[in-house]
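Observations on the model geometry
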Amino acid sequence: YDPDAYNMSPEANLRKALNIQAKISTVVAAIQRVREGKEILSPKSEFTFAENFLYMLTGEVPDEIASKSIDTALILHADHELNASTFASRVTVGTLANMYAGIVSAIGTLSGPLHGGANEAVMEMLEEIGEVENVEAYLSEAFSSKKKIMGFGHRVYKTGDPRAKFLKSMSKSLTTLKGKKKMYEISVKIDEIITREKGLLPNVDFYSASTYDSLGIARDLFTPIFAVSRTSGWT
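Examining the overall build of the protein chain
- Across its full length, the protein chain holds 11 helices and zero strands.
- Starting at the N terminus and ending at the C terminus, the protein chain contains elements arranged as α-α-α-α-α-α-α-α-α-α-α.
- The C-alpha radius of gyration of the protein chain comes to 19 Å, within 12% of the 18 Å expected for a compact globule of 235 residues.
- C-alpha atoms of the protein chain, sized along the principal axes, occupy 60 × 40 × 30 Å.
- By residue count, 47% of the 235 residues in the protein chain fall in the buried class.
- Considering only contacts in the protein chain between residues 6 or more positions apart, those separated by 24 or more positions represent 72%.
- In the structure as shown, the protein chain presents an accessible area of about 12,200 Å², 56% of it carried by carbon and sulfur atoms.
- Charge separation in the protein chain, taken as the distance between the mean sites of 27 positive and 29 negative side-chain charges, equals 4 Å.

See below:
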C-alpha cells in the first residue's frame, strides 16, 4: 500500500517509521475491540500516544495515573540492545528488504515464549498462586521440578535490570488504586524468595504483568503491547 516502500532515503524512512509507530497501536487496540464485539475507535488529536492507546482500547478517557503508567512502560520497553526481535529485523533489512518487512520479521520472533510472552507467563503464575501465603509452597515445588520462573534474570543486566524498579513502583501505585494490591504483594514475595534462593533479580517483564493487569488489559495483549513499544526501537 505504500508506493515509497523501497524508497530508502532518510526522509522516506522517517515518514515510514512514524506511520508504522502510529498505526501499530491503532491496530492492536482495534483487534481487542473487534473480539469484544465493540466499535473500533479512532484516535483523538488532543491525546498523547499513551492516552490514545488506552482510549482506543477501553473506550474511556484514561486517568492521569493510567496514562503515565502506560507511557512509562512504553518508554521502558522501547529499545534494548541486539535481542532476538531487533536482530531479526536487522537481518531482514540487511538484504535491502523494506522497513515493513523488517517489522514483520521482528514481530514474528515475539510468537516464541523465550522472547515474547514472559509477562503473560508471570500473570498466569500470579493467578495460579492466588494468595501471598501460597508463594513459598509454589516456588518450592517449582524449584524441585526445575520449572522455569519467568520474569527473572537478564542476559545483559547481571546486577539487576534498572527498568524493573520503575515498573515495581508503578505496580504498587496501580494495584492499590484499582483494588488489586494482592497481585503486587504476591509479586514482592516471589521477588524476595527468588532473589534470596537463586540470586536472580526481576527484569522488566516481572512487574509489568501486574501493572498491565491493573489497567484492565487482557493478558494476551501484553506481548502485542511490547511490539507497540519496541517498534520505535526496531524502526
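Observations regarding helix H3 (residues 64–76)
- End to end, H3 covers 18 Å across 13 residues, agreeing with the expected 18 Å (1.5 Å per residue, within 8%).
- For H3, the full list of buried residues reads Ala-66, Ser-67, Ser-69, Ile-70, Thr-72, Ala-73, Leu-74 and Leu-76.
- Where H3 begins, the capping side chain belongs to Asp-63, and its oxygen is found 3.2 Å from the backbone nitrogen of Ile-65.

A word on the pattern of salt bridges
- Counted by the stated rule, this structure contains 11 salt bridges.
- One salt bridge in this structure joins Arg-15 and Asp-2, with 3.2 Å as the shortest N-O distance. With Arg-15 in helix H1 (residues 10–35) and Asp-2 in the segment before H1, this pair connects stretches of sequence that are 13 residues apart.
- Residue classification places Arg-15 among the partly exposed residues on the basis of a relative accessible area of 32%.
- With a relative accessible area of 18%, Asp-2 lands in the buried category.
- Of the charged contacts, one joins Lys-38 and Glu-36 as a salt bridge, the two residues approaching to 3.3 Å between their closest N and O atoms.

Observations regarding helix H7 (residues 135–144)
- Within the span of H7, buried status applies to Val-135, Tyr-138, Leu-139 and Ala-142. Here the buried residues of H7 occupy an arc of 90° about the axis, which is enough to place them on one side. Of the exposed residues in H7, the ones pointing more than 90 degrees away from its buried face are Ala-137, Glu-141 and Ser-144.
- Residues of H7 that are buried make contact with helix H6 (118–129) and helix H9 (181–198).
- Lys-146 sits one or two positions beyond H7 and adopts a positive phi of about 60°.

So, the nonpolar core
- In this structure, Ile-70, Leu-139, Ile-149, Ile-190 and Ile-217 are the most contacted members of the largest nonpolar core, which totals 59 residues.
- If you tally residues by element for this core, the top one is H9, at seven residues.
- When near neighbours in sequence (up to four residues on either side) are disregarded, Ile-70 contacts Ala-50, Phe-53, Leu-54, Tyr-212, Leu-215 and Ile-217.

Definitions and cut-offs
Residues numbered from 1 in each chain as written. Predicted model: local features only at pLDDT ≥ 70, side-chain atom pairs only at ≥ 80, totals over all residues. Heavy atoms only, no water. Helix = DSSP H or I, 4+ residues; strand = E, 2+ residues; numbered from the N terminus. Rg over C-alpha atoms; globule rule 2.2 N^0.38 Å. Buried < 20%, exposed > 50% of the residue type's maximum accessible area, 1.4 Å probe, protein only. Contact = heavy atoms within 4.5 Å. Areas by Shrake-Rupley, 256 points an atom, 1.4 Å probe, with all protein chains shown as cover. Lys, Arg positive; Asp, Glu negative; His and termini not counted. Charge placed at Lys NZ, Arg CZ, Asp CG, Glu CD. Expected span 1.5 Å × (residues − 1). Polar contact = N/O pair within 3.5 Å; in protein donor to acceptor, adjacent residues only side chain to side chain. Salt bridge = Lys/Arg side-chain N within 4 Å of Asp/Glu carboxyl O. Arc of directions from axis to C-beta. Core = buried A, V, L, I, M, F, W, Y, C linked by side-chain atoms within 4.5 Å.

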